[in-house]
Amino acid sequence: MLLLTPGPTAVPEKIRMAMSAPTIHHRTPEFSEIFRQARQKLSKVFGMPEVLLLSSSGTGAMEASVTNLCRKKALTVNAGKFGERFGKIVKAFNLELVELKYEWNTPASVKDIEEALQNNDDIDAVFIQVCESAGGLRHPVEEIAKAVKEFNKDIVVVADGITAVGVEKVDVRDIDALISGSQKAFMLPPGLSMIGLSPLAIKKIEEKSFGYYFNLATELEKQRKDTTAWTAATTLIIGLNAMLDEIFDIGLDRFYKITKARSKASLKALEAIGFNIYPKSPAIAMSAVYNDRADEIRKILKQKYEVNIAGGQDHLKGKLFRINHMGLIKPYEASWVLNALEMILDETKVRVYNGEANRVFNEIYYKEIV
Ligand SMILES: *Cc1c(COP(=O)(O)O)cnc(C)c1O
């Protein structure tokens, strides 16, 4: 079965092998060295001075960013399940909340953010997804972050980049915390989250520490000494270090280029055989297609063609399918899905098969990656 859901993503064999070595103790020089290397490489990927590793799924890092970086009032962007989650975390910790709501295919606008800031002069942190995975939507995060900083440079900008870090080079000039998770572009099993920090975020964390398990002041102090506050997710971090070597062997820019080519070629191929792309501004991480027969298509895809892709949630249940582009995916795997989708359109009497999806995919993909 080909796993092409936008998280978890398939774990490459080399990484599975790296993680199959006997468990080592986390308070040893051997592990500290691996930990140091992994953090150093992550710092390059994130483009930020510090990246903290937490033993949790991505939501743990989301929660840590709220509790450690927002003191009074948060502005959140809800254009899907993950943006909604930021709002729920803010409420769970009894912080004040201003939430901007959008349809799941619509990116947040700079103007709305500016208005919200003008109307609420006590907002001290802004939370947004780079890619809102619920609808495969790319928010104009860089422009929004810039506008926030122009309004007030002390407002912390938190970007959930779980489906963006390792997919594309996120411009972190105006971003203070960038969140990621192991099970998306880093192609690891779930259970590890990461949070990149700017100098301002570091300053705020050091000024006032909050919480216990997700206390970033404690983590910052420990991780700077190449260890963790609590037992580290040793196996996942060993896998992460191996994965980062793999990515740097390819070259980070080259890796991004290949991901982008695969994403663009897939999108064009889907359009060429008549599918409607759901988001108004599609993210690179995945292709999200709006289709009334999405569940039937996914069922045939799984049973007959052995490909597992994701569906829609909430009001988009049964109306959406999402194909992952994150990580190391072979072009023949990506084109296999598109070909299978075209065959499904034929067998469900929607469109006569003529090989168009593969033709378009290969033409664009190989032109883009040179
Ligand atoms: C997957 C994902 C998360 C994290 O979810 P977990 O299930 O806690 O790992 C957060 N934000 C986005 C945009 C995601 O795609």
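### Notes on the overall build of the protein chain
Alright, step 1. When helices and strands are counted, the protein chain shows 13 helices and 14 strands.
Alright, step 2. For the protein chain, whose C-alpha radius of gyration is 21 Å, the value lies close to the compact-globule estimate of 21 Å for 370 residues.
Alright, step 3. Projecting the C-alpha coordinates of the protein chain onto the three principal axes gives extents of approximately 65 × 55 × 35 Å.
Alright, step 4. Relative to all contacts within the protein chain whose residues are 6 or more apart in sequence, the contacts with residues 24 or more apart total 71%.
Alright, step 5. Charge centroids of the protein chain, computed over 49 positive and 47 negative side chains, lie 2 Å from each other.

### Observations regarding unusual backbone geometry
Alright, step 1. Between glycine 7 and proline 8 the backbone carries a cis peptide bond, its omega angle lying at -5°.
Alright, step 2. With a phi close to 60°, glutamate 306 is a non-glycine residue in the positive phi region.
Alright, step 3. Mapped onto the secondary structure, glutamate 306 falls in the loop between helix 11 (294-303) and strand 13 (307-308).
Alright, step 4. Positive phi, close to 60°, is recorded for lysine 349, a residue that is not glycine.
Alright, step 5. Locating lysine 349 in the fold gives a position in the loop between helix 12 (331-347) and helix 13 (356-368).
Alright, step 6. Residue classification places lysine 349 among the exposed positions, given a relative accessible area of 75%.

### Topic: the site of the ligand
Alright, step 1. Around the ligand sit 14 residues, and of these Ser57, Thr59, Ser133, Asp160 and Lys184 come closest.
Alright, step 2. Within the contact set of the ligand, an oxygen atom lies 2.5 Å away from a side-chain nitrogen or oxygen of serine 57.
Alright, step 3. The contact in question runs from an oxygen atom of the ligand to an N or O atom on the side chain of serine 133, over 2.5 Å.
Alright, step 4. The fraction of the free accessible surface of the ligand (390 Å²) that becomes covered by protein chains is 88%.
Alright, step 5. At the level of secondary structure, the elements contributing two or more residues to the shell around the ligand comprise helix 3 (58-69) and helix 4 (81-92).
Alright, step 6. Here the element with the most residues in the shell around the ligand is helix 3; it accounts for 3 residues.
Alright, step 7. The residue makeup of the shell around the ligand, split by class, is 4 nonpolar, 7 polar and 3 charged.

### Considering the side chain of serine 198
Alright, step 1. Following the sequence through the fold, serine 198 ends up in the loop between strand 10 (193-197) and helix 7 (199-207).
Alright, step 2. Of note is the side chain of serine 198, whose polar atom sits 2.7 Å from the side chain of aspartate 176.
Alright, step 3. Setting aside chain neighbours within four positions, we find serine 198 in contact with Met48, Pro49, Ile175 and Asp176.

### Details of the environment of glutamate 356
Alright, step 1. Here glutamate 356 is to be found in helix 13.
Alright, step 2. Along the sequence, glutamate 356 and valine 77 sit 279 residues apart, while their C-alpha atoms lie 38 Å from each other.
Alright, step 3. Excluding residues that lie within four positions of it along the chain, glutamate 356 makes contacts with Ala272, Ile273, Glu342 and Arg351.

### Notes on the pairing of strand 3 (residues 73-78)
Alright, step 1. Of all 6 residues making up strand 3, 6 are buried, and the element is well covered by its neighbours.
Alright, step 2. Residues Lys73, Leu75 and Val77 of strand 3 are buried on one face, and the alternating residues Ala74, Thr76 and Asn78, pointing to the opposite face, are buried as well.
Alright, step 3. Bridge analysis of strand 3 against strand 4 (residues 96-101) gives 6 bridges, and the strand direction is parallel. Bridged to lysine 73 within strand 4 is glutamate 96.
Alright, step 4. The handedness of the strand 3 to strand 4 crossover, carried by helix 4, is right-handed.
Alright, step 5. Summarising the sheet, strand 3 and strand 5 (residues 123-129) pair through 4 bridges and their orientation is parallel. Directly across from threonine 76, in strand 5, lies its bridge partner phenylalanine 127.

### What about the sheet that holds strand 10?
Whenever strands of a sheet pair, they do so through backbone hydrogen bonds, lying parallel or antiparallel.
Alright, step 1. Strand order in the open sheet formed by 7 strands is 2-10-9-8-5-3-4, with mixed pairing between adjacent strands. Every other strand in the sheet has two partners, leaving strand 2 (50-54) and strand 4 as the edge strands with one partner each. Neighbour-to-neighbour, the strand axes of the sheet open up by a mean angle of 20°, direction not taken into account.
Alright, step 2. Sheet topology note: the strand 5/strand 8 (residues 156-160) ladder contains 5 bridges and is parallel. Looking at the pairing, phenylalanine 127 lines up with valine 158 of strand 8.
Alright, step 3. Across the face of the sheet, helix 5 (residues 110-119) comes into contact with strand 3, strand 4 and strand 5 while running at roughly 160° to strand 3.

Calculation criteria
- Residues numbered from 1 in each chain as written.
- Predicted model: local features only at pLDDT ≥ 70, side-chain atom pairs only at ≥ 80, totals over all residues.
- Heavy atoms only, no water.
- Helix = DSSP H or I, 4+ residues; strand = E, 2+ residues; numbered from the N terminus.
- Rg over C-alpha atoms; globule rule 2.2 N^0.38 Å.
- Contact = heavy atoms within 4.5 Å.
- Lys, Arg positive; Asp, Glu negative; His and termini not counted.
- Charge placed at Lys NZ, Arg CZ, Asp CG, Glu CD.
- Buried < 20%, exposed > 50% of the residue type's maximum accessible area, 1.4 Å probe, protein only.
- Near = heavy atom within 4 Å.
- Polar contact = N/O pair within 3.5 Å; in protein donor to acceptor, adjacent residues only side chain to side chain.
- Areas by Shrake-Rupley, 256 points an atom, 1.4 Å probe, with all protein chains shown as cover.
- Nonpolar A, V, L, I, M, F, W, Y, C, P; charged D, E, K, R; others polar.
- Pairing = 2+ DSSP bridges.
- Right-handed = clockwise from strand over helix to strand, strands pointing away.
- Axes fitted to C-alpha atoms, helices over the stretch in contact; angles between N-to-C directions.

The values reported here are purely geometric and, on their own, carry no functional implication.
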